[in-house]
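The primary structure of each chain is shown beneath.
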Amino acid sequence: MSRATILLSLVGLAAVVGYQVKPANYAKLLEQQEKFDDAFEKEFYVEHTKYVESGVMSERLEEMFEHIQQKPDMFRLEVDDHPLPYLTVECTACRALITTYLTYRRVLGWSRDQIADQATSTCSTLGILTPANCRLLVLKNIDILLYIIDNRPSLSAQTICGIIFQSGTCVLQDSTFLDWTINVSGGGRPITGSVTSPNRGAGDLKIIHITDVHYDPHYRTGYNAVCGEPCCCREGQGIPADPANGAGEWGDYRDCDSPWKAVEDAVRAAARQHPDAAYIYYTGDIIDHGVWETTVAGNIVSMTRTYQLFRDVFGSKPVYPVLGNHENNPTNVFAPSYITREDFSASWLYDFSANQWASWLPAATQQTIRQGGFYTALVRPGFRIIGMNNNDAYTFNWWILYDPAYLQAQLQWLHDTLLQAEAAGEKVHILAHIPIGAGTSYRTWARQYRRILDRFWDVIVAHFHGHTHADEFNVFYSLSNPQAAISVGFNGGGTVPFSNYNPNYVVYYVNPQTYQVTDFESWYFSLSEANQNPNRAPIWTQLYSFARDFQLANVSPASLDTLVRRFASNPTELRRYWELKVKRGDPFLAAGCDGDCLLGHLCQIVTNEANDDSKCNALAAIFRNLDDELFQEEDDYEK
């Protein structure tokens, strides 16, 4: 295939595919893209090697770097939210770069310093960070990556990219990473249909869910909010010439984390407005997005300050926290417990968390927290919480590449804990930072989790997540009976505006006998309005009361499954859900959400495992058949 034809096929793919949802001819496009990536990968290595030897970048290599350069808005989007054209380019870049660097290390015997120097250059060329910050980021990760590469000589670029991106031509094919399982006990009640729940009642418990505060100690009002890096509004980035580009008093929509005053205001507002709440859930991510300059000491300071705020504000009320992917240093990287090398191990974080959480959790939780950052606690007779550390299954955790089977241990512990809960007649809430089943949850882990959920569907009555900063929910469907909706994952959104969101927290109403969520509401403030009035505290108001606003009797899996199908046939309702999901963030509302965008958000609700498009396809068939102008331009293109 000629270079022009390859590029044409890529342009065709970018033009046809929509937001997340795969087109009908995706298999053919994927075959074309595979050929393109194979050719690109080989040519990139040749051109890059010439550049390394001569110090002169050819015109062709400049073209190739330009092709794989990240789009300006990639940083503000979780990978789950990247449209397929973005994922396609990311996969091309991953395969080309990893193949090149694996060859430099394994065949040409490059040293650590040679790899670090060249990786810094690549990071800078791609515009990921400034050259200085590229260097910091590379040095944070290089020793871990080289340890993994050197000790796993069979690890290929295809496998590495298949783990990280799990999409497009980054298809995971290595059986070592696909075929491991956990032991799931027999028994349990058969799944005969979707799970129902009681309606909201006057005696329901109230639970406050706060997540993703992302406190940035370097945030400075008036400093550059358009800095061109993944995280802005920071002291070292200077004051912009145009005051309009300066960071707001209470945060900023433009790729910025939270100043302390905003973190404090959110926690105090939740406590003030809901003094009758029984419990508080915190689902992770205290640390900022300045991933190139985090330190263990700095993370400890930020986490200590935040946990103390929770203690000061909520007093004797129990807080149930879990770790976010940003809490460790380097960010995202959670080594197996048997890796004891001090600069690789996460034991410092687990020990710190065990000490900080001791005032909220039973003494019996200390062992597993120190082992791996997870725990279980009996809240009251019949009601148990399981706090998971599923950051180990985040696809940007490099240690999955070293030993995917190490993830079995926590999942097996989860299964065994649920087995004991079942025997004791307990109902369970599961807290986890990464939405379980999201596109960045390692697919084999997600499949094994679904096996556990099928077995204990009547023990696990709700999930609570963070990470995405979106105020959303996910419906879990049975593996053995795919028409049955058996659980719901509720996302607390985030008090951080990163990026384009308004800050929020969520309050749940929970039946005191079944411990099922009967309704939930979100509280938020307009960041635009708050920054226009910087000398007074933000005004928190109710964003929605879900059952009321969507005319539901309750928010059981059965009810939300019905709602999802309503969304598929009613774009107006679906658009309303999208507006609430993005928390009426002004930049989101200004940009709008077309048919493909809406369909992508709809599919995210029902996707329980990367590359499992069955539910999405069924909804898309309904949505695309509407007598509506949403897809008129696409229909004209296809004709």
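Everything numeric in this text was worked out from a predicted model, so none of it was measured.

### Some thoughts on the overall build of the chain
For step 1, the next point in the chain: Each helix and strand in the chain was counted, giving 23 helices and 12 strands.
For step 2, the next point in the chain: Here the chain has a C-alpha radius of gyration of 24 Å; the compact-globule value for 639 residues is 26 Å, and the two agree.
For step 3, the next point in the chain: Projected onto its principal axes, the C-alpha positions of the chain cover 75 × 55 × 55 Å.
For step 4, the next point in the chain: For the chain, buried positions account for 61% of its 639 residues.
For step 5, the next point in the chain: Carbon and sulfur atoms make up 52% of the accessible area of the chain, which amounts to about 23800 Å² in all.
For step 6, the next point in the chain: Distance between charge centroids for the chain: 5 Å, based on 50 positive and 74 negative side chains.

### Observations regarding the UniProt feature "domain: Saposin B-type" (unreviewed entry) in the chain
For step 1, the next point in the chain: Per the UniProt record, the feature "domain: Saposin B-type" (unreviewed entry) sits at residues 87–174.
For step 2, the next point in the chain: With 73% helix and 0% strand, residues 87–174 has end C-alpha atoms that lie 20 Å from one another.

### A few points about the state of the cysteines
For step 1, the next point in the chain: Counted by the stated rule, this structure contains 7 disulfides.
For step 2, the next point in the chain: Note that Cys233 is cross-linked by a disulfide to Cys256, the S-S spacing being 2.0 Å. Residues Cys233 and Cys256 are joined through a disulfide that is right-handed, its torsion about the S-S bond being 65 degrees. Of this pair, Cys233 sits in the loop between strand S1 (205–210) and helix H9 (260–273) while Cys256 sits in the loop between S1 and H9; the two residues are 23 residues apart in sequence, bridging distant segments of the chain. Each member of the pair, Cys233 as well as Cys256, carries the same accessibility label: buried.
For step 3, the next point in the chain: At a sulfur-sulfur separation of 2.1 Å, the disulfide partner of Cys603 is Cys616. In this structure the cystine formed by Cys603 and Cys616 twists about its S-S bond by roughly 70 degrees; its chirality is therefore right-handed. Of this pair, Cys603 sits in helix H21 (residues 595–606) while Cys616 sits in helix H22 (residues 614–624), placing them 13 residues apart in sequence.

### A word on the nonpolar core
For step 1, the next point in the chain: Counting 107 residues, the largest nonpolar core has Ile210, Phe314, Tyr320, Phe473 and Phe546 as its most contacted members.
For step 2, the next point in the chain: No other element matches the 8 residues that H9 contributes to this core.
For step 3, the next point in the chain: Those residues in contact with Phe473 that sit more than four places away from it in its chain are Val488, Gly489, Phe546, Leu560, Leu563, Val564, Tyr577 and Ile605.
For step 4, the next point in the chain: Grouped together as the second largest cluster of nonpolar side chains are 63 residues, Ala157, Ile160, Cys170 and Trp413 included.

### A closer look at the side chain of Ser559
For step 1, the next point in the chain: Within the secondary structure, Ser559 sits in helix H18 (residues 557–569).
For step 2, the next point in the chain: Residue classification places Ser559 among the buried residues on the basis of a relative accessible area of 15%.

### Side note on unusual backbone geometry
For step 1, the next point in the chain: Cis peptide bonds are those with omega within 30 degrees of zero, and the linkage from Asn329 to Pro330 qualifies with 0 degrees.
For step 2, the next point in the chain: Inspection of the secondary structure puts Pro330 in the loop between strand S3 (319–321) and helix H11 (347–357).
For step 3, the next point in the chain: Ser499 follows Phe498 through a cis peptide bond whose omega is -20 degrees.
For step 4, the next point in the chain: By the element assignment, Ser499 lies in the loop between strand S9 (485–491) and strand S10 (504–510).
For step 5, the next point in the chain: The residue Asp212 is not glycine, and still its phi comes out positive at about 50 degrees.

### Details of the sheet that holds strand S11 (residues 517–524)
For step 1, the next point in the chain: Within the open sheet, the 6 strands sit side by side as S3-S2-S1-S10-S11-S12. Their pairing is mixed. The open sheet has two edge strands with one neighbour each: S3 and strand S12 (541–545). Across this sheet, the average inter-strand angle for adjacent strands is 25 degrees, counted without regard to direction.
For step 2, the next point in the chain: Examined bridge by bridge, S1 and S10 share 5 bridges and lie antiparallel to one another. Residue pairing in the sheet places His209 in a bridge with Val506 of S10.
For step 3, the next point in the chain: Docked against the sheet, H9 engages S1, S10 and S11, running at close to 30 degrees with respect to S10.

### Some details on the packing of aromatic side chains
For step 1, the next point in the chain: Counted under the stated rule, the structure contains 44 aromatic pairs.
For step 2, the next point in the chain: Between the NZ or CZ atom of Arg152 and the centre of the ring of Tyr402, over which it lies, the distance is 4.1 Å.

### Examining the sheet that holds strand S6 (residues 427–431)
For step 1, the next point in the chain: Across the sheet, 6 strands lie side by side as S4-S5-S6-S7-S9-S8; this open sheet has mixed pairing. Of all strands in the sheet, those bounded by a partner on one side alone are strand S4 (375–380) and strand S8 (473–477). Ignoring strand direction, the axes of neighbouring strands in this sheet form an average angle of 25 degrees.
For step 2, the next point in the chain: Strand direction decides the pairing type here: strand S7 (residues 460–465) and S9, joined by 3 bridges, are parallel. Pairing of His463 across the sheet is with Gly489, part of S9.

### What about the UniProt feature "binding site: Zn(2+) 2" (unreviewed entry) in the chain?
For step 1, the next point in the chain: Here the UniProt feature "binding site: Zn(2+) 2" (unreviewed entry) sits at Asp285, Asn325, His433 and His467. The largest pairwise C-alpha distance within this set of annotated residues, which runs over 183 residues, is 8.2 Å, so the set is compact in three dimensions.
For step 2, the next point in the chain: Here Asn325 shows up in the loop between S3 and H11.
For step 3, the next point in the chain: When neighbours within four sequence positions are excluded, Asn325 is seen to be in contact with Asp285, Thr331, Asn332, Phe334, Asn391, Tyr394, His433, Ile434 and His467.
For step 4, the next point in the chain: With respect to the secondary-structure elements, His433 resides in the loop between S6 and helix H15 (443–455).
For step 5, the next point in the chain: Within the structure, the side chain of His433 is placed 2.6 Å from the backbone oxygen of Thr283, a separation counted as a polar contact.

### Digging into the environment of Ile182
For step 1, the next point in the chain: With respect to the helices and strands, Ile182 occurs in the loop between helix H8 (175–178) and S1.
For step 2, the next point in the chain: Between the C-alpha atoms of Ile182 and Pro243, which are 61 residues apart in sequence, the distance is 56 Å.

The rules behind these values
- Each chain has its residues counted from 1, running along the sequence as written.
- Local features in this predicted model are restricted to residues whose pLDDT is 70 or higher, and side-chain atom pairs enter the listing and the counts only when it is 80 or higher, whereas totals over whole chains, interfaces and linings include all residues.
- Heavy atoms from the whole structure form the basis of all side-chain values; hydrogens and water molecules are not counted.
- Numbering of helices and strands runs from the N terminus; a helix is a DSSP stretch of H or I covering at least four residues, while a strand is a stretch of E covering at least two.
- When we talk radius of gyration, it's over C-alpha atoms, and the globule rule is simply 2.2 Å times the number of residues to the 0.38.
- The buried label applies to any residue whose accessible area, calculated with a 1.4 Å probe on protein chains only, is under 20% of its type's maximum; exposed applies above 50%, and partly exposed to all values in between.
- Note on areas: these come from Shrake-Rupley sampling with a 1.4 Å probe, and a residue is covered only by the protein chains present in the view.
- Asp and Glu are treated as the negative residues and Lys and Arg as the positive ones, with His and the ends of the chain left uncounted.
- Taken as the charge centre is NZ of Lys, CZ of Arg, CG of Asp or CD of Glu, depending on the residue.
- UniProt positions are given in the numbering used here, feature names are shortened, and annotations may be inferred rather than shown by experiment.
- Counting rule for disulfides: a pair of cysteine sulfur atoms within 2.5 Å.
- Residues enter a nonpolar core if they are buried and are Ala, Val, Leu, Ile, Met, Phe, Trp, Tyr or Cys, with the set joined through side-chain atoms within 4.5 Å.
- Whether two residues are in contact is decided by their heavy atoms, any of which lying within 4.5 Å being enough.
- Should DSSP find at least two bridges between two strands, the strands are taken to pair.
- Orientation is described by lines fitted to C-alpha atoms, with helices fitted over the stretch in contact, and by angles between N-to-C directions that extend from 0 to 180 degrees.
- Pairs were defined over the aromatic rings of Phe, Tyr and Trp, the Trp ring being its six-membered one, requiring ring centres within 6.5 Å. Orientation was assigned from the angle between planes: stacked under 30 degrees, edge-to-face over 60, tilted for the rest.
- To sit over a ring, a charge needs its Lys NZ or Arg CZ within 6 Å of the ring centre and within 35 degrees of the ring normal.
- Under this definition, polar contacts are N or O atom pairs within 3.5 Å; protein pairs additionally need one hydrogen-donor-capable and one acceptor-capable atom, and for neighbouring residues in sequence, both atoms have to be side-chain atoms.

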